[in-house]
Amino acid sequence: MQPLRWERESRLAMTILVLEDDRMFNETLCEFLEEEGYKTVGVYDARTAMDCCYHRRFDLYLLDINLPMDNGLNFLRSLRESGDETPAIFLTSRDDRASLIEGLKIGADDYLRKPVDLEELALRIRANIRRHQGPERYRIDDYLVDAGRYRVFRGEEEIELGRKPFELLLLFLKYAGETVTTERIASALWPTAQEASYGAIRVYVTQLKKLFGKRIENVRGVGYRFCQDEQLL
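Residues numbered from 1 in each chain as written. Predicted model: local features only at pLDDT ≥ 70, side-chain atom pairs only at ≥ 80, totals over all residues. Heavy atoms only, no water.

A.B. asks: Which parts of the structure should I look at to understand the confidence of the model for the protein chain?
C.D. replies: For any part of a model where pLDDT is low, the fine detail of the predicted coordinates should not be relied upon. Of the residues in the protein chain, 88% reach a pLDDT of 70 or more, and the chain-wide mean stands at 85. Taken together, the stretch residues 6-12 has pLDDT below 50 and engages in 23 contacts with residues farther than four places along the chain or on a different chain. (pLDDT = per-residue confidence, 0-100. Contact = heavy atoms within 4.5 Å.)

Pasting the structure below:
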């Protein structure tokens, strides 16, 4: 097996949601961003966009303000109220300063006025993703663990892993080579106001073992150990 190591920033499988009701402009944006190395999902109204956000995670939102049925401001407001902190850039043809100020107050990270300079857009996207993402990437055998985005990849494929199993994985990585007690796991995964589930911990460990196999050892009656290479048999 390959040694554990941190990796520098990469655009691996980064996906951008493009919410723009002008279909031709939407397609232009998606084509340009895909040429830049990103994956894109183009949608034309806020309702469809919200449905997409419910079913998958994105690395950045590119949002128009004027939309049919609703607007980009309300869409972003709903996301921020739900705890979604994904970076968001507004694209707007509006001249009124009040709308732009409202967008920034809601939680937008940046904005560009139409007509958009695509090269400037690419620079703004990279800057915003870089600020939010951080350098926490870990290579474990065939897998890339992106701690900043709570994602696991095998090649170009994203591996579905729930939030608590991911938090357990980060705990194992933090104490790689050391025994992590079930009590420490419980306190890390459940706040004091919540009741810990030791049965759930066993389920999460089983999930992680399907990915990392012999790296996770049971320490009988105590907890678990995430092995470094020199500790693997």
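A.B. asks: Would you explain the sheet that holds strand β11 (residues 179-181) in this entry?
C.D. replies: Within a sheet, each strand pairs with its neighbour through backbone hydrogen bonds, oriented either parallel or antiparallel. Strand order across the open sheet formed by three strands is β11-β13-β12, with antiparallel pairing between neighbours. At either margin of the open sheet sits one strand with a lone partner, and together these are β11 and β12 (216-219). Sheet twist, expressed as the mean angle between neighbouring strand axes with direction ignored, is 30 degrees. Sheet topology places β11 next to strand β13 (residues 223-226); three bridges connect them, and they run antiparallel. From the neighbouring strand, V180 faces β13, where its bridge partner is Y224. Contacting β11, β12 and β13, helix α6 (residues 163-174) crosses the sheet at an angle of about 65 degrees to β13. Those strands touched by helix α8 (residues 198-212) are β12 and β13, and its axis lies near 145 degrees from that of β12. (Pairing = 2+ DSSP bridges. Helix = DSSP H or I, 4+ residues; strand = E, 2+ residues; numbered from the N terminus. Axes fitted to C-alpha atoms, helices over the stretch in contact; angles between N-to-C directions.)

A.B. asks: Whenever I open this one, the packing of helix α7 (residues 182-189) against α8 confuses me. Can you help?
C.D. replies: The description of two helices packed together rests on the angle between their axes and the distance between the axes. Put simply, α7 and α8 touch, their axes get as near as 11 Å, and they point 95 degrees apart. Regarding the angle of α7 to α8, the classification is roughly perpendicular. For the pair formed by α7 and α8, the contact residues are T182, E183, I185, A186 and L189 on the first element and Y198, I201 and Y204 on the second. Looking at the contact of α7 with α8 residue by residue, the classes come out as six nonpolar, one polar and one charged. (Parallel < 35°, antiparallel > 145°, perpendicular 65-115°, else oblique. Nonpolar A, V, L, I, M, F, W, Y, C, P; charged D, E, K, R; others polar.)

A.B. asks: So what exactly am I meant to see when it comes to the pattern of salt bridges here?
C.D. replies: In total, this model carries 14 salt bridges according to the counting rule given. Between D64 and K114 there is a salt bridge whose closest N-O contact spans 3.3 Å. Of this pair, D64 sits in strand β4 (residues 60-64) while K114 is found in the loop between β6 (110-113) and α5 (118-133), placing the two residues 50 residues apart along the sequence. Between E167 and R163 there is a salt bridge, with its nearest N and O atoms 3.3 Å apart. With E167 and R163 both in helix α6 and four residues apart, this pair spans about one turn of that helix. (Salt bridge = Lys/Arg side-chain N within 4 Å of Asp/Glu carboxyl O.)

A.B. asks: Quick question: what am I supposed to make of the side chain of N26 here?
C.D. replies: Secondary-structure assignment places N26 in helix α1 (residues 23-35). Setting aside residues no more than four positions away along its own chain, N26 makes contact with V18, E20, G42, V43 and Y44.

A.B. asks: Looking at this structure, how should I read the packing of α6 against α7?
C.D. replies: As a packed pair, α6 and α7 sit with axes 10 Å apart at the nearest point and diverge in direction by 130 degrees. Between α6 and α7, the crossing angle belongs to the class labelled oblique. As α6 packs across α7, the resulting crossing turns out to be right-handed. Residue-level inspection shows K164, E167, L168, L171 and F172 of α6 in contact with α7, the latter providing R184, I185, A188 and L189. (Left-handed = near helix turned anticlockwise from the far one by under 90°.)

A.B. asks: What is the right way to read the sheet that holds strand β5 (residues 88-92) from this model?
C.D. replies: Strands sit in the order β3-β2-β4-β5-β6 across an open sheet of five strands; the sheet is parallel. Each of the sheet's edge strands pairs with one partner strand only, and the pair in question is β3 (39-43) and β6. Pairs of neighbouring strands in the sheet enclose a mean axial angle of 20 degrees, with direction left out of account. Pairing between strand β2 (residues 15-19) and β4: four bridges, direction parallel. Bridge pairing in β4 links L17 to Y61.

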